[in-house]
Amino acid sequence: MSQSAALGESSPSGCGIFVGIRAAWVMIDLRSDTVTQPTEEMRRVMAQAPVGDDVFGEDPSVNALQEFVAELLGKEAALFVPSGVMGNQIALAVHCRPGEEVIVEAASHIFTYETAAPALIARVQLFCIPSQRGQMPLAALEQAIRPPAYYFPRTALICLENTHNRHGGTILPLDYIEAVAHLAQRHNIALHCDGARLWNACAATGLEPRQYAEPFDSLMVSFSKGLGAPVGSALVGSRAFIEEARRWRKILGGGMRQAGILAAAALYALQHHRERLCEDHENALLFARLLAESALFELELDRVQTNIVVFRYPAHVPFAAFAEACRREGVLLSQGMPGFARAVFHLHIDRKQALQAAHAVIRAARSVLVGT
Ligand code: TLP
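Residues numbered from 1 in each chain as written. Predicted model: local features only at pLDDT ≥ 70, side-chain atom pairs only at ≥ 80, totals over all residues. Heavy atoms only, no water.

The local shell around the ligand holds 16 residues, among which Ser 32, Gly 84, His 109, Asp 194 and Arg 197 are the closest. Note that an oxygen atom of the ligand is positioned 2.7 Å from one of the side-chain N or O atoms of Ser 32. Between the ligand and Asn 165, the relevant distance is 2.9 Å, taken from an oxygen atom to a side-chain nitrogen or oxygen of the residue. Alone, the ligand offers 510 Å² of accessible surface; in the complex the protein occludes 82% of this. (Near = heavy atom within 4 Å. Polar contact = N/O pair within 3.5 Å; in protein donor to acceptor, adjacent residues only side chain to side chain. Areas by Shrake-Rupley, 256 points an atom, 1.4 Å probe, with all protein chains shown as cover.)

What follows covers the domain arrangement of the chain. We note that the domain assignment places domain 1 (3-30 + 276-371) and domain 2 (40-272) within the chain. One C-alpha centre belongs to domain 1, the other to domain 2; they are set 30 Å apart. Opposite the 18 residues of domain 1 that make contact, domain 2 presents 19 residues. Interface area for domain 1 against domain 2, summed over the two sides, is near 1600 Å², with a carbon-plus-sulfur share of 50%. Contact with domain 2 buries surface across domain 1, with Leu 277, Arg 303 and Met 337 losing the most and accounting together for 35% of the total. At the boundary of domain 1 and domain 2, one finds two salt bridges. (Domains from an automatic or database assignment. Contact = heavy atoms within 4.5 Å. Buried area = accessible area lost by both parts, 1.4 Å probe. Salt bridge = Lys/Arg side-chain N within 4 Å of Asp/Glu carboxyl O.)

The next point concerns the environment of Pro 147. With respect to the helices and strands, Pro 147 occurs in the loop between helix 7 (138-144) and strand 7 (155-161). Overall, the relative accessible area of 45% leaves Pro 147 in the partly exposed class. It is 40 Å that separates the C-alpha atoms of Pro 147 and Phe 311, two residues lying 164 residues apart in sequence. (Helix = DSSP H or I, 4+ residues; strand = E, 2+ residues; numbered from the N terminus. Buried < 20%, exposed > 50% of the residue type's maximum accessible area, 1.4 Å probe, protein only.)

When the terminal C-alpha atoms of helix 12 (residues 260-272) are compared, their 18 Å separation across 13 residues agrees well with the 18 Å that a helix rising 1.5 Å per residue should span. Every buried residue belonging to helix 12 is among Gly 260, Ala 263, Ala 264, Ala 265, Ala 266, Leu 267, Tyr 268, Ala 269 and Leu 270, and all of these are buried. Lining the buried residues of helix 12 we find helix 2 (40-47), helix 3 (60-72), strand 4 (77-81) and helix 9 (198-205). (Expected span 1.5 Å × (residues − 1).)

Turning our eyes to something else, we now look at a nonpolar patch on the surface. Judged by side-chain polarity, Tyr 150, Tyr 151 and Phe 152 come together as a nonpolar surface patch covering roughly 440 Å² of accessible area. For Phe 152, the position within the fold is in the loop between helix 7 and strand 7. With relative accessibility at 31%, the residue Phe 152 sits in the partly exposed group. (Patch = residues over 30% accessible without salt bridge, like charges linked within 9 Å, V, L, I, M, F, W, Y side chains within 5 Å.)

Within a sheet, adjacent strands bond to each other through the backbone by hydrogen bonds, running parallel or antiparallel. Spatially, three strands are ordered 11-14-13 in an open sheet, and the strand pairing comes out antiparallel. In the strand order of this sheet, the two ends are held by strand 11 (308-312) and strand 13 (334-335), each with one partner. One ladder, built from five bridges, connects strand 11 with strand 14 (residues 340-344); its direction is antiparallel. Paired with Val 310 across the strands is Arg 342, a residue of strand 14. The strands touched by helix 13 (residues 277-293) within the sheet are strand 11 and strand 14, with strand 11 carrying the most contacts at an inclination of about 15°. (Pairing = 2+ DSSP bridges. Axes fitted to C-alpha atoms, helices over the stretch in contact; angles between N-to-C directions.)

Right, dumping it as structure tokens:
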């Protein structure tokens, strides 16, 4: 193996990147933090997890996870669910009656990526408010709340997303969340948090999960993103909320029997992988700074607050062509808002790979421009 290959530089053919001393031909996968694989130690913990039938409430590992998460977020109870989407959709179904309205941010995951599930499951209507970095203006929120007339839908729920995925992993400030909670309380409206990446917000700001959770009636938090567990999210809230959520989980086919094998991975991830999220944030910033120095991209550095980098790639180039050029250089990216690419940093990407990825993406952008 050549020295350049050992150092992870571009291959002579320019397609792909050698990573590590074993000369493995490995793509740098920045499509999402959902691509992470369980670590050896996590697999060992999973293999040894005590299990039982969770539909009877008898799985000790699931029960241990639920108690740990409820305590961590300062809520009465928690429920392990197979996915973040199921967690969000159950929250909507518990908080709302069919025909009611839910206020969501216009680029939220619930509105964008959940396959219109609110129309199918809770049977509610979404009212979308555009925002800067996930913070819907308070005045717009106030205006969106329906007056009590029979011909309006009743506004039953407001949802926030922290960190905000499509806005680039941006963090909602606690005083903003508290102001929204105050407004919701004044109007007797419930408040839910899509906290798929709440752990990243905590790692970045140093705030405790329970501080972010306090203003909310319910939260969904994920274990299968940056924390690196293979599967699963949790819903947290009051005991009554979680009891009703358990009914909805069963309705949706989410009763998982010996799920302790998965819950053990989630608990391990919570206990061992939360602090290291800061490394992902540093790597994201390193990558972003290199791209920002190049005239080929548009990137707001102050938007890079956690593990996600969204950036404009050369205009007039279709995303598929840019992504393919990046793939040829050994980097996988995903698509963000129209015109934006997304790179997500996670526990399989170290500092050296973050640097390699930035140089590869810059080479890719040059190559597509030459080709146009
Ligand atoms: N997000 C995925 C894709 O669905 C876009 C990703 O790659 O980022 N809320 C937020 C904020 C999310 O980012 C995601 C996953 C979910 C909910 C859904 O979680 P899962 O995939 O577990 O259903």
